[in-house]
Amino acid sequence: MTGTAEPLLRIEGLRTVFRTHGGEIAAVDGVDLSVPRGRTLGIVGESGCGKSVLSLSVMRLVAHPGRVAAGRVLLEGRDLLQLSAAEMRDVRGSQVAMIFQEPMTSLNPVHTVGFQITEAMRAHDPRASRAELRDRAIEALKRVRIPAPERRFEEYPHLLSGGMRQRVMIAMALACRPKLLIADEPTTALDVTVQAQILDLLRDLQQETGMSIILITHDLGVVAEMADEVAVMYAGRVVERAAAGAVFDDPMHPYTLGLLGSVPRLDEERETLLAIEGSVPPPFALPRGCRFHPRCPFAVEDCKAEPPPLRAIAPGHEAACLRAPVERLAA
Amino acid sequence: MSAPLLEVTGLAKHYPVRKGLILAKQVGTVRAVDGVSFALARGETLALVGESGCGKSTTARLVLRLIEPSAGTIRFDGQDVTGLSGAAMRAMRRRMQIVFQDPYASLNPRLNVAETIAEPMLVHGIGDAASRRRRVEELLSLVGLRAFHAERFPHEFSGGQRQRIGIARALAVEPDLVVCDEPVSALDVSIQAQVVNLLKDLQRRLGLAYLFIAHDLAVVKHVADRIAVMYLGQIVETASKRDLFAAPRHPYTRALLAAIPHPDPQRRGRVKPLGGDVPSPMNPPPGCRFHTRCPFAQERCRQEAPELRTLADGHQAACHFAETLPPAGLDFSGGLSEAAAKRLALYAGARRRAA
């Protein structure tokens, strides 16, 4: 990827498997990614592509029967996968934090907003006094532009709207000033006007704190709005990786093309959408070779043999496709 | 224009809010839908758009009388169906069907696909076992499924395929109107496109009218002929698709359009968020319901509720100042880059050859 400076996070050969009756299946299968400091990496893909399991693997929150089977997750050179459980607990919150899609279910309904924010702070700083924690929590609520933070501190989550709850989640995630925020579909459950507010907020907070963001989403509009670098995932693998501008203006992988063609656009009239034939294969029935080949209109025999590796097609632009760029084929 | 297929006037649904267990008192009213009027012609698509809680899905259910309206009339093909009961309403429902949002919850897991699709015909007493069987096969191929799918059960299908089954079921009784309640919002992008294409294709072939409920304006722009924008139980603007996107007249419509992120990084930062949240439909603000969030609100907006007024042919908006608002400043030009467009064309071409 671009940049010569050491990235904040580097993921190498990550493989996360789940044990099932039919044997082990890999939800994430050999992923290499890096996140530069102060920048946003957008991970795009449809359901089942492994993007959420990838982020849980970074946080080491993959639950049984899943486990990280191989790879390294290097945060400033330190492999998170080698840390003890206690060390990892320290990293969560203070170094890496996460927000989820469902602001409705991510908050505990029986505790006040204030209790939940201070809970995490207390874990990282057990000697802080109650008053001090309260001040810091209200400060955190102010940072995410919640009006009347003193009142919100005392309230229960059900009194808050979806957008406000997501702000509270962000306040909690950022309370200990992490270097990396993983946002897993942070606006998918929100209305479009509220989504715009939250994206705006995330961008402002990134400017203020210099944190890096991994933004996981299925929405190409959100990626275009937020990401500096983009990785497109399909069936557990990264199929294309480049700067955001290049992915949208010079898309290489047929899957990326299919996604771009599937989205109705406001700036274009099209009678039929391109759409992608078929559906994402389940992880227990992955096709051999390139996992996209059964849905790919450019597939040839070679695509069925070996999984194509990511290769540089243009400077800083990689795609895992034997046939890219596709105009070469027309000649 | 000939008589509309569906004509809705002053439709309302108010839910009482009670407090207390034994001596329950009514402490308020949720005005989920509050005086909605629109008409829909044969073969036309009218989209109802708005954010959660605006009453669009309630309106859809009211139209089919799946819930009873508190006020207003619904005329279907010239006949007032608001007071129709029992058998007469059932007969009418044969001509109006619905496709639901959630393809997982809207199919009975105990019925196989053939039974699911045949059920509406059974309910309406159409045909015999053999003719229903033939019709199921026709419908399966119509929605792009295979004959062998008939014996399978819903859990064996993906979300997109289930939505196809739901569509086939709706079409089984040859309706004139299909209410589509967020039919693609639970689906992945690539599958969404398949289902949108299918719905458009079916409309062309069967002359269906769609009442299309959605929150995604890009999808709406793709499928609708006319659009009605709802906010807090009321329609605030209605226009043809072209007019609505070219010259939105209501500040809320503009805010909605401005909030959509474009799949184009060069347009980054043009999204303009609207402040605040949607107020509770239990205590809608006095005057114009949008005034609490409207950047153009003035004293009059706080006092007096604006009527839905005709501003141009087929274009209505409920704003006191619709004529004097500054230009919307929305720019929907751009489109795909040359390289992307070329490759997409190759993709489409390669797929045509493969098919």
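Predicted model, so just to flag it, every value in this text is computed and none were measured.

Caption draft 1: Representation of the overall build of chain B within the structure. Of regular secondary structure, chain B possesses 11 helices and 12 strands. A globule of 355 residues ought to have a C-alpha radius of gyration of about 20 Å, and chain B, at 22 Å, matches this closely. Taking the principal axes of its C-alpha atoms as reference, chain B extends roughly 65 × 65 × 45 Å. For chain B, the proportion of contacts with a sequence separation of at least 24, taken over those separated by at least 6, is 64%. On chain B, roughly 15,800 Å² of surface is accessible, and the fraction owed to carbon and sulfur atoms is 51%. Separation of charge centres in chain B, based on 47 positive and 34 negative side chains, amounts to 3 Å.

Caption draft 2: Quick peek at the UniProt feature "domain: ABC transporter" (unreviewed entry) in chain A. In the numbering adopted here, UniProt assigns the feature "domain: ABC transporter" (unreviewed entry) to residues 9-260 of chain A. End C-alpha to end C-alpha, residues 9-260 of chain A measures 28 Å, and it is 40% helix and 28% strand.

Caption draft 3: Region of the structure containing the pattern of salt bridges. As enumerated under the stated definition, the model contains 43 salt bridges over all chains in all. Measuring nitrogen to oxygen at the nearest pair gives 2.9 Å for the salt bridge that ties Glu24 of chain A to Arg67 of chain A. Linking Glu24 of chain A in strand S2 (residues 23-35) with Arg67 of chain A in strand S4 (residues 66-75), this pair joins segments that are 43 residues apart in sequence. In this structure, the salt-bridge partner of Glu44 of chain B is Arg226 of chain B, at a minimum N-O distance of 2.8 Å. Of this pair, Glu44 of chain B sits in the loop between strand S2 (25-40) and strand S3 (45-49) while Arg226 of chain B sits in strand S9 (residues 226-231), placing them 182 residues apart in sequence. Arg226 of chain B sits in the partly exposed class, given a relative accessible area of 23%.

Caption draft 4: Quick peek at the sheet that holds strand S11 (residues 311-314) of chain A. All names here are of chain A. Strand order in this open sheet of eight strands is S6-S7-S8-S3-S9-S10-S12-S11, and the pairing throughout is mixed. Strands at the two margins of the open sheet, each flanked by one partner only, are strand S6 (96-99) and S11. Each neighbouring strand pair of the sheet contributes to a mean axis angle of 20°, computed without reference to strand direction. Pairing between S11 and strand S12 (residues 317-319): three bridges, direction antiparallel. Paired with Ala312 across the bridge in S12 is Glu318. Along the sheet face, helix H10 (residues 254-262) touches strand S3 (40-44), strand S9 (229-234) and strand S10 (237-243) and points at about 100° away from the line of S9.

Caption draft 5: Seen up close, the interface of chain B and chain A. Facing 56 residues of chain B, the contacting portion of chain A comprises 61 residues. Buried area between chain B and chain A, summed over both chains or domains, comes out near 5,300 Å², and the portion from carbon and sulfur atoms is 57%. For chain B, the biggest contributors to the area lost against chain A are Pro263, Arg343 and Tyr347 of chain B; these three give 16% of the whole. The interface formed by chain B and chain A includes four salt bridges. Taken together, the connections running from chain B to chain A amount to 21 residue pairs in polar contact (both at pLDDT 80 or more).

Caption draft 6: Expanded view of the packing of H10 of chain A against helix H11 (residues 338-354) of chain B. Contact geometry for H10 of chain A and H11 of chain B: axes closest at 10 Å, N-to-C directions at 100°. Taken together, H10 of chain A and H11 of chain B sit at an angle that is classed as roughly perpendicular. On H11 of chain B, the residues touching Pro254, Leu257, Gly258 and Gly261 of chain A of H10 of chain A are Ala340, Arg343, Leu344 and Tyr347 of chain B. In terms of residue class, the contact of H10 of chain A with H11 of chain B is built from five nonpolar, two polar and one charged.

Caption draft 7: Here's a closer look at a nonpolar patch on the surface. Residues and elements named next belong to chain B. A contiguous nonpolar patch, built from Leu21, Ile22 and Leu23 and spanning about 480 Å² of accessible area, is present on the exposed surface. Here Leu21 shows up in the loop between strand S1 (6-19) and S2. Residue classification places Leu21 among the exposed residues on the basis of a relative accessible area of 84%.

Caption draft 8: Inspection of the packing of aromatic side chains at higher detail. By the definition in use, this model includes seven aromatic pairs over all chains. On the numbers, 4.6 Å between centres and 55° between planes, the contact of Tyr234 of chain A with Tyr255 of chain A is tilted. One end of the pair, Tyr234 of chain A, is in strand S9; the other, Tyr255 of chain A, is in helix H10, with 21 residues separating them in the sequence. The class for Tyr255 of chain A is buried, based on a relative accessible area of 0%. Ring geometry for Tyr231 of chain B against Phe290 of chain B: centres 5.1 Å apart, planes inclined by 85°, an arrangement best described as edge-to-face. In this pair, Tyr231 of chain B sits in strand S9 while Phe290 of chain B sits in the loop between helix H9 (251-259) and helix H10 (299-303), placing the two residues 59 residues apart along the sequence.

Caption draft 9: Highlighting the sheet that holds S2 of chain A. All names here are of chain A. If you walk across this open sheet you meet the four strands as S2-S1-S4-S5, and the pairing is antiparallel. A strand with exactly one partner marks an edge of an open sheet, and here the two such strands are S2 and strand S5 (78-79). When strand S1 (residues 9-20) meets S4, the two strands line up antiparallel, connected through eight bridges. Each residue of the ladder has a partner; that of Glu12, found in S4, is Arg72. Packing against the sheet, helix H1 (residues 51-59) makes contact with S1, S2 and S4, and its axis sits at approximately 110° to S1.

Caption draft 10: Examining unusual backbone geometry more closely. Cis peptide bonds are those with omega within 30 degrees of zero, and the linkage from His64 of chain A to Pro65 of chain A qualifies with 5°. Phi at Arg145 of chain A takes a positive value of approximately 60°, unusual for a residue other than glycine. Tracing the backbone shows Arg145 of chain A in the loop between helix H4 (130-143) and helix H5 (149-154). Classification of Arg145 of chain A by relative accessible area gives partly exposed; the value is 37%. Unusually for a residue other than glycine, Asp77 of chain B sits at a positive phi of about 50°. By the element assignment, Asp77 of chain B lies in the loop between strand S4 (71-76) and strand S5 (79-80).

Caption draft 11: Representation of helix H5 (residues 159-171) of chain B. Residue and element names in this part refer to chain B. Given a rise of 1.5 Å per residue, 13 residues ought to cover 18 Å, and the 19 Å separating the end C-alpha atoms of H5 matches this to within 8%. Among the residues of H5, those classed as buried are Gly159, Gly160, Arg162, Gln163, Arg164, Ile165, Gly166, Ile167, Ala168, Arg169, Ala170 and Leu171. Buried positions along H5 lie against strand S6 (96-99), helix H3 (113-123), helix H4 (129-142), strand S7 (177-181) and helix H6 (189-206).

Caption draft 12: Representation of the nonpolar core within the structure. Of all hydrophobic cores here, the largest spans 77 residues; its most connected members are Ile117, Ile167 and Ile227 of chain B. No other element matches H6 of chain B, which puts seven residues into this core. Apart from the residues within four sequence positions on either side, Ile227 of chain B is in contact with Leu46, Ala47, Val49, Val220, Glu237, Thr238, Ala239, Lys241, Leu244 and Phe245 of chain B. Counting residues in each nonpolar core, the second largest holds 38 residues, with Ala140, Ile198, Leu199 and Leu201 of chain A among its members.

Criteria and thresholds
- Every chain is numbered independently, its residues counted from 1 as its sequence is written.
- Following the order in which they are written, the chains are lettered starting with A and the ligands numbered starting with 1.
- With the structure being a predicted model, the display of local features is reserved for residues of pLDDT at least 70 and the display and counting of side-chain atom pairs for 80 or more, all residues being used for whole-chain, interface and lining totals.
- Calculated side-chain values reflect all of the structure's heavy atoms, with hydrogen atoms and water omitted.
- Helical segments are the DSSP runs of H or I of at least four residues, strand segments are the runs of E of at least two, and each set is numbered from the N terminus.
- For the radius of gyration, the atom set is restricted to C-alpha positions; the globular benchmark scales as 2.2 Å times the number of residues to the power 0.38.
- The contact rule is simple, with two residues in contact once any of their heavy atoms fall within 4.5 Å.
- Each accessible area value is a Shrake-Rupley result obtained with a 1.4 Å probe; residue values ignore everything except the protein chains displayed when judging cover.
- The charged-residue count follows a simple rule in which Lys and Arg add positive charge and Asp and Glu add negative charge, with His and chain termini not counted at all.
- In plain terms, the charge of a residue is placed at NZ if it is Lys, CZ if Arg, CG if Asp and CD if Glu.
- UniProt positions are given in the numbering used here, feature names are shortened, and annotations may be inferred rather than shown by experiment.
- Each salt bridge in this description consists of a side-chain nitrogen of Lys or Arg and a carboxyl oxygen of Asp or Glu lying within 4 Å of one another.
- In this scheme, a residue with accessible area under 20% of its type's maximum is buried, one over 50% is exposed, and one in between is partly exposed, where area comes from a 1.4 Å probe on protein chains only.
- In this scheme, strands are said to pair when DSSP sees at least two bridges between them.
- Here an axis means a line fitted to C-alpha atoms, over the contact stretch when the element is a helix, while the angle between two N-to-C directions is reported on a 0 to 180 degree scale.
- Summed over both partners, the accessible surface that disappears when two parts come together, traced with a 1.4 Å probe, is what is meant by buried area.
- Pairs of N or O atoms within 3.5 Å make up the polar contacts considered here, provided that, within protein, one atom can donate a hydrogen while the other can accept it, and that residues adjacent in sequence are counted only when both atoms are side-chain atoms.
- Here the angle decides the label: under 35 degrees means roughly parallel, over 145 means roughly antiparallel, 65 to 115 means roughly perpendicular, and every other value means oblique.
- We call Asp, Glu, Lys and Arg charged. Ala, Val, Leu, Ile, Met, Phe, Trp, Tyr, Cys and Pro are nonpolar, and the rest, Gly among them, are polar.
- Residues enter patches when they are more than 30% accessible in relative terms and free of salt bridges; like-charged ones are connected within 9 Å and nonpolar ones (Val, Leu, Ile, Met, Phe, Trp, Tyr) within 5 Å.
- In this analysis, rings of Phe, Tyr and Trp, with Trp reduced to its six-membered ring, are considered paired at centre separations within 6.5 Å, and the interplanar angle assigns stacked below 30 degrees, edge-to-face beyond 60, and tilted for intermediate values.
- The span one expects for a helix is its residue count, reduced by one, times 1.5 Å.
- Residues enter a nonpolar core if they are buried and are Ala, Val, Leu, Ile, Met, Phe, Trp, Tyr or Cys, with the set joined through side-chain atoms within 4.5 Å.

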